[in-house]
Amino acid sequence: MQTRAVLEDFSIEHIVPYFQPIYELETNCVFRYECLSRLVTAKDRMYLPSEFLYIVGPAQTNARVTQRIF
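Residues numbered from 1 in each chain as written. Predicted model: local features only at pLDDT ≥ 70, side-chain atom pairs only at ≥ 80, totals over all residues. Heavy atoms only, no water.

### What about the overall build of the protein?
For step 1, the next point in the chain: Of regular secondary structure, the protein possesses two helices and three strands.
For step 2, the next point in the chain: Relative to its full complement of 70 residues, the protein shows a buried share of 21%.
For step 3, the next point in the chain: Within the protein, contacts between residues separated by at least 24 positions form 47% of all contacts whose residues are at least 6 apart in sequence.
For step 4, the next point in the chain: Of the roughly 5400 Å² of accessible surface on the protein, a fraction of 55% belongs to carbon and sulfur atoms. (Helix = DSSP H or I, 4+ residues; strand = E, 2+ residues; numbered from the N terminus. Buried < 20%, exposed > 50% of the residue type's maximum accessible area, 1.4 Å probe, protein only. Contact = heavy atoms within 4.5 Å. Areas by Shrake-Rupley, 256 points an atom, 1.4 Å probe, with all protein chains shown as cover.)

### Some words on the sheet that holds strand β2 (residues 29-40)
For step 1, the next point in the chain: Read from one edge to the other, the open sheet built from three strands follows the order β1-β2-β3, with strand pairing classed as antiparallel. Since the sheet does not close on itself, it has two edges, and those belong to β1 (15-24) and β3 (46-47), each with one partner. (Pairing = 2+ DSSP bridges.)

### So, the environment of tyrosine 23
For step 1, the next point in the chain: Here tyrosine 23 lies in strand β1.
For step 2, the next point in the chain: The spatial distance from the C-alpha of tyrosine 23 to the C-alpha of tyrosine 33 is 8.7 Å, given a sequence separation of 10 residues.
For step 3, the next point in the chain: When near neighbours in sequence (up to four residues on either side) are disregarded, tyrosine 23 contacts Asn28, Cys29, Val30 and Phe31.

### Quick word on unusual backbone geometry
For step 1, the next point in the chain: Positive phi outside glycine occurs at asparagine 28, with the angle close to 55 degrees.
For step 2, the next point in the chain: Structurally, asparagine 28 can be placed in the loop between β1 and β2.
For step 3, the next point in the chain: Backbone geometry places aspartate 44, a non-glycine residue, at a positive phi of 60 degrees.
For step 4, the next point in the chain: Looking at aspartate 44, the relative accessible area reads 64%, which means it is exposed.

### Considering the nonpolar core
For step 1, the next point in the chain: Counting residues in each nonpolar core, the largest one holds seven residues, listed as Ile12, Ile15, Leu39, Tyr47, Phe52, Val65 and Ile69.
For step 2, the next point in the chain: Discounting residues that sit within four places of it in the chain, isoleucine 69 has contacts with Ile15, Pro17, Cys35 and Ser37. (Core = buried A, V, L, I, M, F, W, Y, C linked by side-chain atoms within 4.5 Å.)

### Section: a nonpolar patch on the surface
For step 1, the next point in the chain: A cluster of nonpolar side chains, namely Phe19, Tyr23, Leu25, Val30 and Tyr33, defines an oily patch on the protein surface of about 620 Å² accessible area.
For step 2, the next point in the chain: Of all elements in the fold, only β1 and β2 reach the threshold of two or more residues within the nonpolar patch.
For step 3, the next point in the chain: For tyrosine 23, a relative accessible area of 47% corresponds to the partly exposed category. (Patch = residues over 30% accessible without salt bridge, like charges linked within 9 Å, V, L, I, M, F, W, Y side chains within 5 Å. Salt bridge = Lys/Arg side-chain N within 4 Å of Asp/Glu carboxyl O.)

In structure tokens, the structure reads:
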């Protein structure tokens, strides 16, 4: 998998949650959702967690990211 470097300034507030339904094929009903986080920069570039979480780093900041998603 190819990753891109995050070269723009960003803050925790730029991390956006996206919710995706998970369907039960037998009943054709949504039975849960998963939350996907993305970093959206001021220039509307979108990054996957694997491309920005290493920057976030220490445990205190990871807790802030989790709080932001919730």
